[in-house]
Amino acid sequence: MRLQYPIFIPTKGRHETPYTIRAFEAIGVPFHPVVVPGEYDKYAAVVRDPSSIIVLPEDIRGLVPTRNWIWDYAQSLGTPYFWTFDDNIRCFYRLHQNKRIKMGDGIFLRAIEDWTNRYENMAITGMHYSMFGATILTKTLPPLLLNTRVYSNMLIRTDIPYRNRGVYNDDTDLCLQVLKDGWCTALFYAFLIDKLTTMTVKGGNTDIYQGDGRLKMAQELQQRHPDVTTITWKWGRWQHQVDYRPFKSNRPILRPGVVIPDGPNNYGMVLKKRGE
């Protein structure tokens, strides 16, 4: 089953550690690395299909302008939604009976797309981090959580009237923009991304988080959203803390004519042991 929407991976300085590229190649899902002009040759040497690489214009510099350029590009394609993924994701999991099971193909992405398509006011969906496994594996969770932040992997509705802003954690800011205007977001627990921790891989945005970068990150978000953001010290570093309770009343609206079928749909996914 093909995906409905294109996948973009903005990436810089990580041709030697192309984690997300390898993750998608491993499950046979097409994607587009989006690179700066000076790094095309480096990425072409490590991507199986160099024709999939998109080179940014010379005047686009920095992750936030790159994300906005991708958004505009997706809009020019006429696609209702588009995917963006950070470039430090190692693999994908399905959470099944409180066990994280590595995905062998990309059908889970189509499941997320189909679910998102049911609703006329679903602005952003994505998957939770597998690194929060200690919490995930000690309690039963719903398949998804509505109206919270979505990090590092986003299925974005192309025509919503927003763009990424600032320098730090623009994905959190984007989620808050849409939630404050009554749109909905969804964070999947049923499917997870195995993302490396920020600042553990060279390249990307690592440099901006050095020194007091973590504090600046939290301060920037608090300045934009002082009504729901506080600054805390967690996990040995400065971190923003966002209160998403004010958005609980944002309700997904089914598109006209949508009928939700009874019973589960596993999209042909079966559980196999390695080597079978």
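Described below are features of the structure shown in this document. (Residues numbered from 1 in each chain as written. Predicted model: local features only at pLDDT ≥ 70, side-chain atom pairs only at ≥ 80, totals over all residues. Heavy atoms only, no water.)

Bringing the overall build of the chain into the picture now. Broken down by element type, the chain carries seven helices and twelve strands. Contacts spanning at least 24 positions in sequence make up 73% of the contacts within the chain whose residues lie at least 6 apart. (Helix = DSSP H or I, 4+ residues; strand = E, 2+ residues; numbered from the N terminus. Contact = heavy atoms within 4.5 Å.)

Let's shift gears to unusual backbone geometry. Positioned with a positive phi, Gln-97 is a non-glycine residue whose angle comes to about 50 degrees. Inspection of the secondary structure puts Gln-97 in the loop between strand 5 (89-96) and strand 6 (99-102). You will see that Asn-147, though not glycine, has its phi angle at about 60 degrees, which is positive. Looking at where Asn-147 falls in the secondary structure, it is placed in the loop between strand 8 (144-146) and strand 9 (153-157).

With that settled, the discussion passes to helix 1 (residues 19-27). Among all positions in helix 1, only Thr-20, Ile-21, Ala-23, Phe-24, Glu-25 and Ile-27 are buried. Those residues of helix 1 hidden inside the fold are in contact with strand 1 (7-10), strand 2 (32-35), helix 2 (40-44), strand 4 (81-85), strand 5 and helix 4 (107-117). The first or second residue beyond helix 1 is Gly-28, which carries a positive phi of 70 degrees. (Buried < 20%, exposed > 50% of the residue type's maximum accessible area, 1.4 Å probe, protein only.)

Turning our attention to the pattern of salt bridges. If charged atoms from side chains of opposite charge come close, those side chains can pair. This model, assessed by the stated rule, comprises twelve salt bridges. Two residues, Arg-67 and Asp-170, come together in a salt bridge whose shortest N-O distance is 2.7 Å. Of this pair, Arg-67 sits in helix 3 (residues 63-77) while Asp-170 is found in helix 6 (residues 170-180), placing the two residues 103 residues apart along the sequence. Residues Arg-67 and Asp-170 agree in their burial class; the two are buried. In this structure, Arg-157 engages Asp-159 in a salt bridge whose closest nitrogen and oxygen atoms are separated by 2.6 Å. (Salt bridge = Lys/Arg side-chain N within 4 Å of Asp/Glu carboxyl O.)

It is worth spelling out helix 6 at this point. Helical periodicity: at 3.6 residues per turn, an α-helix aligns residues three or four positions apart in one direction. For helix 6, the buried fraction is high: ten of the eleven residues fall into the buried class. Count one or two residues on from helix 6 and you reach Gly-182, which has phi positive near 95 degrees.

Turning to the packing of aromatic side chains, a few remarks are in order. By the definition in use, this model includes 17 aromatic pairs. Taking 5.0 Å as the distance between ring centres and 55 degrees as the angle between the ring planes, the aromatic pair formed by Trp-115 and Tyr-119 counts as tilted. Note on Trp-115: relative accessible area 14%, which makes it buried. The exposure class of Tyr-119 is buried, given its relative accessible area of 10%. Geometrically, the ring pair formed by Tyr-129 and Tyr-151 is tilted, given 6.1 Å between the ring centres and 45 degrees between the ring planes. With Tyr-129 in strand 7 (residues 122-129) and Tyr-151 in the loop between strand 8 and strand 9, the pair connects residues that are 22 residues apart, well separated along the chain. Here Tyr-129 matches Tyr-151 in class, with each residue buried. Put simply, the rings of Phe-24, Phe-31, Trp-83, Phe-85, Phe-92, Phe-108, Trp-115, Tyr-119, Phe-188 and Phe-191 touch in pairs and so form one group of aromatic residues. The ring of Tyr-129 is capped by Arg-149, whose NZ or CZ atom sits 6.0 Å from the centre of that ring. (Phe/Tyr/Trp six-rings, centres within 6.5 Å; stacked < 30°, edge-to-face > 60°. Lys NZ or Arg CZ within 6 Å of the ring centre and 35° of its normal.)

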